[in-house]
Amino acid sequence: MEQLGREYARLCAAAGAAPQEAVLRRLRGPGGGRLDLAAQSLSLPTCSALGRLLPGAAPLAALALGDCGLSEEGAAGPLSLWRGAGGRPRCPLLFQGNNLRTTGAEALGKLLRQNKSIRSLTLEWNSLGMWEEGFSFFCQGLRANNFLQRLDLRNNQINHQGAGELAVALTQNTSLQELDLRWNNIGLLGGRALLNCLHSNKTLKRLELAGNNVPGDILKAVEQALDHNQDREAILSEAQNQVNILSKEVLSLKDEKNKQFMDFVDTVDKQKEERARSEKMSAARVSQLQEALDEQYSIMNSLKTKLQMTEAALTLSEQKVHTLGELLSAMKQEQNSVAESHFRELQQQKQERADRESKLLHDLSAASEKNLLLRNQVDELERKCKVQQDQLFQVKQDLTNTTAELKLRAAEAEERLEMEKRRFKQSLEDMESLRVKEVRQMEASERSMHNRIQRLEAIKISLDEELSHVKAAALAERGRAEEELLKVRSQARLEEQQRLEHLEEKLRLMTESRDEAQNCCLKQKEMVAEAQAKAKQLSLYADGLKRRLEELQQHVDRKEEEKVTELNKVKVELQEQIGHLEAERTAQDGLREKIAALERHLKALSSNHREALLDKEGEISLLLEKLRMKEAEISRMREEEAQRASFLQNAIMAYVQGSSLGTHSSRK
C-alpha cells in the first residue's frame, strides 16, 4: 500500500495537482486489500490518477467511493478502472451518494457490459433515473451482464419508465438474485412491468419495492413470484444434486456392467476353449472307436477263417466217421445195432451242430444287415445334416436380407425425420423473422412515443421557466409600482388571472397529452402482450413438432425392437435347429453304442462258438477213445473166437480121433 501512495503522489505531480492528504493516508494505511475512500471529497485530478493507478496494482477486495461528491467526469476514471479489470476478482463496488446522472449511468452501463467479476454493486442515493437515456444505457449493460448478483438502486429517482427499462433488462438477465428499488417513484405501471418481467426471470430471489407507491396486490404478486423463484431454485438445486447422484450411480453401474461384460466375455472364451478341447477329445475318441471297430472287423474275419477251418476239420472227421462206420458194418451183427445206435447219435449231434451253425450264420447275416442299416441311417443322417446346414445357410442369407431391408427402412425414416426437421427449422425461422419485424415495429413506435414524451416534457420545462419569469416580473412590477398599487391592482389581478388561466389551460393540455402518451404506452404494452401470446403459440407449435419428432423416434425405436425380436426369433429357431442336430448327434451316438453292443454280442457269440467247438472236439476225442475201446474189445472178441475155434477144433479133432479109435476097436 505504501507503493500505491508514492505512485499516487507521482501521478498527481505529473498532472500538476497536489495530492489529497486523506487519500494518501488511506492508500498508505493497512487496509487488508480494501480501499475505503467513503466521505472523501475527491477532486477531478485525484479521480484521473486513481483511474490510471489502480488497474496495475494488486487486486483489491473492495472499493468504497460512497459520498465522495464525484462529478460526472470524476466517476469515469474509477469506472474505466473496473471496466479494464474484467477478469480480476474485484468485489463489491460501493458508489452510493455521488449524484451520478447521465454520464455516470453510461459509464456504469459500459462497466456492466464488459466486466465479468463484479458480484455486488451499491448505487444508492444517486440520480441515475433522472435522465432516461442514461438509465436506458445502464439497463442495456445490466441486460448484457450475466455475473452481477446484487444491485442496490435505492433513492435514484427512478420513475415508471425507468422501471419498464429495468424490467426489459431483467427478462434477459440470468444472474441477478437481489435488487433493491426502495424509495423511488416507480408507481403502478412500473410495478406491473416488474411483475410481468418476473414471469420470464427465474433467478431473482429478492426484490424490495417499499416507498414506490406500488399497490399492495402488486406487492403480494411480486412476493409470490419471488417465492416461486426461490422454490424453483431450491427444486433445481435438489434436482441437480439428484442428477449428480444418479450420474454417479449410472457411472458405477456402467463400470459394473463393463466388468460383468468382461467376465461374461472371459467365461464365453473359456467355454469356447473347453468346447474346442471337448471337440478335440471327442474327435480323438471317435478315431479310437473307429480303430477299435476296424480291429473288431479284423477279429470277425479271423473268426470266419477259423470257422471255415473248423468246418473243414468237421468234414474230415465226418469222412473218418463214415469209414469207421463202413468198417464197423463189416463187423458182426451183434455190433451193428451198437454201431447203428452210435451212428444215429452222431447224426443227431451233426444235426444239432448244423442247426447251431445255421443259427450262427443267420445271426451273423442279421448283424451284417443291421450294420448295413445303421450305415444307411448314418448316411441318411449325414444327408439330413447337410440339408439342415443348407437350410441354416439359407436362413442366414434371409437374415442378412431382412437386416439390409431394415437398415434401408431406418435410413428412409431418418431421411424423413431430417426433412421434417428442416421443414420445422424453416417454419421457425419464418416465424422468428415475423416476430423480429413486429418487435422492430413496436420498438419504432416506442421510440416515437418516447420522443413525443420528451418534447412534451421540454414544453413543460419551458412553460415552468416562463411561469417563473412571469412571477419574477410580477414581483418587480410590485416593487416598482407600490404607489400605483391601488390603481392597477384590479388590472393586474385581471391580467394575472388571465395568465393563470392560460397557464392552467396549457397544463391541462399537457396532462391530456401525457394521458394520451400513457394510453399509447398501454396500447404498446398490449401489443407486446399479444406478441408474447403469439410467441407462446409458436412455442406450443414448436412443442407439438417436438412431440411429433418424439413420436417418430418412438416409431423408429419400435421398428428397431421389432427387428431385435425378429433376430431373437431367428436365433431361437437356429438354437432349436442346433438342438435338433445335437439330438440327432446323440441318436448317432446311441446307434454307435448299439453297434458296440452288437459287436460285444458278436464277440460273446464267437466265444460261445469257440467254446462249442472245443466241446465238440472233446466229444470227438471221447468218441475216438470209445472207438479204440471198441476195437480193443473186437480184437479181444476175435481172440476169444479164435480160442473158441481152436478149442472147437481141438474138441473136434479129439472127437474125431476118439471116434476113429472106437471104430478101429470095434473092428477088431
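Our subject is the structure listed above.
Residues numbered from 1 in each chain as written. Predicted model: local features only at pLDDT ≥ 70, side-chain atom pairs only at ≥ 80, totals over all residues. Heavy atoms only, no water.

This part covers the overall build of the chain. The helix and strand inventory of the chain stands at 11 helices and seven strands. Looking at the chain as a whole, 26% of its 668 residues qualify as buried. Sequence-distant contacts in the chain: of pairs separated by 6 or more residues, those separated by 24 or more amount to 84%. When the accessible surface of the chain is split by element, carbon and sulfur atoms take 54% of a total near 44600 Å². (Helix = DSSP H or I, 4+ residues; strand = E, 2+ residues; numbered from the N terminus. Buried < 20%, exposed > 50% of the residue type's maximum accessible area, 1.4 Å probe, protein only. Contact = heavy atoms within 4.5 Å. Areas by Shrake-Rupley, 256 points an atom, 1.4 Å probe, with all protein chains shown as cover.)

The biggest cluster of nonpolar side chains holds 53 residues, and the ones touching the most others in it are Leu123, Phe138, Leu151, Leu153, Leu179 and Leu181. Elements with a contribution of two residues or more to this core: helix H1 (2–15), helix H2 (21–28), helix H3 (44–53), helix H5 (102–114), helix H6 (132–144), helix H7 (160–172), helix H8 (187–197) and helix H9 (216–329). Sort the elements by how many residues they give to this core and H7 lands first, with five residues. Sequence-distant contacts of Leu153, that is, excluding residues within four places in its chain, are made with Leu123, Leu128, Phe138, Ile158, Leu166, Leu179, Asp180, Leu181, Arg182 and Asn184. Core analysis: the next-biggest nonpolar cluster, separate from the first, contains five residues, Leu374, Leu381, Leu591 and Ile595 among them. (Core = buried A, V, L, I, M, F, W, Y, C linked by side-chain atoms within 4.5 Å.)

Here we come to the packing of H7 against H8. Relative orientation of the contacting elements H7 and H8 amounts to 5°, with a least axis distance of 8 Å. Classed by the angle they form, the pair H7 and H8 counts as roughly parallel. Residues His160, Ala163, Gly164, Ala167, Leu170 and Thr171 of H7 pack against Leu189, Gly190, Ala193, Leu194 and Cys197 of H8. Partitioning the contact of H7 with H8 into residue classes produces seven nonpolar, four polar and no charged. (Axes fitted to C-alpha atoms, helices over the stretch in contact; angles between N-to-C directions. Parallel < 35°, antiparallel > 145°, perpendicular 65-115°, else oblique. Nonpolar A, V, L, I, M, F, W, Y, C, P; charged D, E, K, R; others polar.)

On to H6. When the terminal C-alpha atoms of H6 are compared, their 18 Å separation across 13 residues agrees well with the 18 Å that a helix rising 1.5 Å per residue should span. Those residues of H6 that fall on the buried side of the exposure criterion are Glu132, Gly134, Phe135, Ser136, Phe138, Cys139, Gly141 and Leu142. (Expected span 1.5 Å × (residues − 1).)

We now examine the pattern of salt bridges. The final tally for this structure, using the stated rule, is 16 salt bridges. Residue Glu124 is joined to Arg154 by a salt bridge in which the shortest nitrogen-to-oxygen separation is 2.9 Å. One end of the pair, Glu124, is in the loop between strand E4 (120–122) and H6; the other, Arg154, is in the loop between strand E5 (150–152) and H7, and 30 residues separate them in sequence. Between Arg636 and Glu640 there is a salt bridge; the shortest N-O distance is 2.8 Å. On the criterion of helical spacing, the pair formed by Arg636 and Glu640 is a turn pair, its members being four residues apart in helix H11 (residues 485–667). With relative accessibility at 40%, the residue Arg636 sits in the partly exposed group. Through salt bridges with shared partners, a single network forms among Glu124, Asp152, Arg154, Asp180 and Arg182. (Salt bridge = Lys/Arg side-chain N within 4 Å of Asp/Glu carboxyl O.)

Turning our eyes to something else, we now look at a nonpolar patch on the surface. Together, Leu648, Ile652, Tyr655 and Val656 give the surface a local cluster of nonpolar side chains, amounting to about 440 Å² of exposed area. Along the chain, Ile652 turns up in helix H11. (Patch = residues over 30% accessible without salt bridge, like charges linked within 9 Å, V, L, I, M, F, W, Y side chains within 5 Å.)

Running from N to C, H6 and H7 point in directions that differ by 15°, and their axes come no closer than 8 Å. If you check the angle between H6 and H7, you find them roughly parallel. Like other packed secondary-structure pairs, H6 and H7 cross with a definite hand, here right-handed. The residues of H7 that touch H6, namely those facing Glu132, Phe135, Ser136, Cys139, Leu142 and Arg143, are Gln161, Gly162, Glu165, Leu166, Val168, Ala169 and Gln172. Here the residues of the contact of H6 with H7 sort into six nonpolar, four polar and three charged. (Left-handed = near helix turned anticlockwise from the far one by under 90°.)

The next thing to look at is the side chain of Ser175. Here Ser175 is to be found in the loop between H7 and strand E6 (178–180). Of the polar contacts made by the side chain of Ser175, one reaches the backbone oxygen of Asn146; its length is 3.5 Å. Separated by 3.1 Å, the side chain of Ser175 and the backbone nitrogen of Phe147 make a polar contact. Contact partners of Ser175, with chain neighbours within four places excluded, come to Asn145, Asn146, Phe147, Leu148, Gln149 and Thr203. (Polar contact = N/O pair within 3.5 Å; in protein donor to acceptor, adjacent residues only side chain to side chain.)

One number sums up the size of the second largest pocket: a volume of about 810 Å³. Elements with a minimum of two residues in the lining of the second largest pocket: H9, helix H10 (333–480) and H11. A per-element tally of the lining of the second largest pocket places H9 first, with 11 residues. A class-by-class count of the residues in the lining of the second largest pocket yields 10 nonpolar, five polar and 10 charged. (1 Å grid on protein atoms, 1.4 Å probe; cavity = no way out; pocket = protein on both sides within 12 Å on 5 of 7 lines; lining within 4 Å. Points joined across faces, edges and corners; volume = space filled by probe spheres on them.)

All right, on to the environment of Gly129 then. Within the secondary structure, Gly129 is located in the loop between E4 and H6. Through-space distance from the C-alpha of Gly129 to that of Gln161 is 9.1 Å; in sequence the pair is 32 residues apart. When near neighbours in sequence (up to four residues on either side) are disregarded, Gly129 contacts Phe135, Asn156, Gln157 and Ile158.

Along the chain, Leu166 turns up in helix H7. Accessibility expressed as a relative area gives 0% for Leu166, which makes it buried.

Another aspect to go through is the packing of aromatic side chains. Scanning all chains against the criterion turns up one aromatic pair. Sitting over the face of the ring of Phe137, Arg113 holds its NZ or CZ atom 5.1 Å from the ring centroid. (Phe/Tyr/Trp six-rings, centres within 6.5 Å; stacked < 30°, edge-to-face > 60°. Lys NZ or Arg CZ within 6 Å of the ring centre and 35° of its normal.)

Another aspect to go through is unusual backbone geometry. Working note: non-glycine residues mostly have negative phi, and peptide bonds are mostly trans. The backbone of Trp125 shows a phi angle near 55°, a positive value even though the residue is not glycine. Note that Trp125 resides in the loop between E4 and H6. At Asn213, a residue that is not glycine, the phi angle is positive and equals roughly 60°. Looking at where Asn213 falls in the secondary structure, it is placed in the loop between strand E7 (206–208) and H9. Classification of Asn213 as exposed rests on a relative accessible area of 65%.

A cluster of acidic residues, Glu412, Glu414, Glu415, Glu418, Glu560, Glu561, Glu562 and Glu566, forms a negative patch at the surface. Elements with a minimum of two residues in the negative patch: H10 and H11. Along the chain, Glu418 turns up in helix H10. A relative accessible area of 38% places Glu418 in the partly exposed class. (Lys, Arg positive; Asp, Glu negative; His and termini not counted. Charge placed at Lys NZ, Arg CZ, Asp CG, Glu CD.)

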